[in-house]
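# A closer look at the structure
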Amino acid sequence: MTAAVFGHDGPWTEEEYLALGETQDRVELFDWSLHVTPGPTPLHQNISGELRAALRAPVRAAGLRVLEAVNVRLRPGRIPIPDLVITNDVDLRVLVIDARDVRLVCEIIAPSNAATDKVLKMHYYAAAGIEWYLLVEQENLTMHLYQRQGAHYVERSVTKAGDELELTEPVRVTIRPEDLLA
């Protein structure tokens, strides 16, 4: 399918991948192969925007950045586009942010991408050394916070609508899942 869509056979180099530029679909590079998914739904984007808004002030106060849908190099040939990241104060003009600058990565789970976010990306993010992983289920707004322990993540909290997520690292903030629908 990707050969037909992008006119390319075989493995993709990072240079070829980045030369695609912005697309309507979300195109990620996993081990020299493209992973293509449709663009996010309005619900997904609303949740992402509200979460970024909730994080903006505490992230700035900590001297960090909160960014949506940016390229993150986990290792050569592996560049996903997480829904949201909290990073060190990085250069905003670069095409790719290195995993070592990512303090927290967030994926908003839709039924169509649940396996990728819960298994593949979770494994890749932990292997890259990203300390915190936040999964948000858009169907019921449940938030799962994981912390890296060795090469894997351990679930630290589950927050459902009506409860509050008390994030203490990498920033201090309280988030109510129902506020993500504002």
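Below is a short write-up of the structure. Every value quoted in this text rests on a predicted model; they were computed, and no experiment measured them. (Residues numbered from 1 in each chain as written. Predicted model: local features only at pLDDT ≥ 70, side-chain atom pairs only at ≥ 80, totals over all residues. Heavy atoms only, no water.)

The first and last C-alpha atoms of helix α4 (residues 114–127) sit 19 Å apart over 14 residues, in line with the 20 Å expected at 1.5 Å per residue. Taken together, the buried positions of α4 are occupied by T116, D117, K121, M122, Y124, Y125 and A126. A positive backbone phi angle near 90 degrees is found at G129, which sits one or two residues after α4. (Helix = DSSP H or I, 4+ residues; strand = E, 2+ residues; numbered from the N terminus. Expected span 1.5 Å × (residues − 1). Buried < 20%, exposed > 50% of the residue type's maximum accessible area, 1.4 Å probe, protein only.)

Moving on to the side chain of T87. Take T87: it is sitting in strand β6 (residues 84–87). When sequence neighbours within four positions are dropped, the list of residues in contact with T87 reads L64, R65, L67, I97, D101, V102 and R103. (Contact = heavy atoms within 4.5 Å.)

A separate point is the pattern of salt bridges. Inspection of the entire model under this criterion finds 15 salt bridges. For the salt bridge of R100 with D98, the shortest nitrogen-to-oxygen distance reads 3.3 Å. In this structure, K121 engages D117 in a salt bridge whose closest nitrogen and oxygen atoms are separated by 4.0 Å. Of the two residues, K121 and D117 are both situated in helix α4; the distance of 4 residues between them amounts to about one turn of the helix. (Salt bridge = Lys/Arg side-chain N within 4 Å of Asp/Glu carboxyl O.)

The subject of this paragraph is unusual backbone geometry. Following E169, the chain continues into P170 via a peptide bond in cis, with omega recorded as -5 degrees. The residue P170 is located in the loop between β12 (165–167) and β13 (173–175) in this model. One non-glycine residue with positive phi stands out, namely A69, at about 50 degrees. In this fold, A69 is placed in the loop between β3 (65–68) and β4 (71–73). For A69, a relative accessible area of 40% puts it in the partly exposed group. The backbone of L141 sits at a positive phi, close to 60 degrees, despite the residue not being glycine. Relative accessible area serves as the criterion here: at 7%, L141 is assigned to the buried category.

Bringing the sheet that holds strand β1 (residues 26–30) into the picture now. Sheets are built from strands paired through backbone hydrogen bonds, the pairs being either parallel or antiparallel. Taken in spatial order, the 3 strands line up as β2-β1-β5 in an open sheet, and their pairing is antiparallel. For this open sheet the edge positions go to β2 (33–37) and β5 (78–79), each flanked by a neighbour on one side alone. For β1 and β2, the ladder comprises 5 bridges, and the chain directions are antiparallel. Within the sheet, the bridge partner assigned to L29 lies in β2 and is L34. Docked against the sheet, α4 engages β1, β2 and β5, running at close to 45 degrees with respect to β1. (Pairing = 2+ DSSP bridges. Axes fitted to C-alpha atoms, helices over the stretch in contact; angles between N-to-C directions.)

Taken together, 6 strands build an open sheet; the order of strands is β3-β6-β8-β9-β10-β11 and the sheet is mixed. Two strands in the sheet have a free side with no partner beyond their single neighbour: β3 and β11 (152–159). Recorded for the sheet is a direction-independent mean angle of 20 degrees between the axes of neighbouring strands. Strand direction decides the pairing type here: strand β10 (residues 143–149) and β11, joined by 7 bridges, are antiparallel. Paired with R148 across the strands is Y153, a residue of β11.

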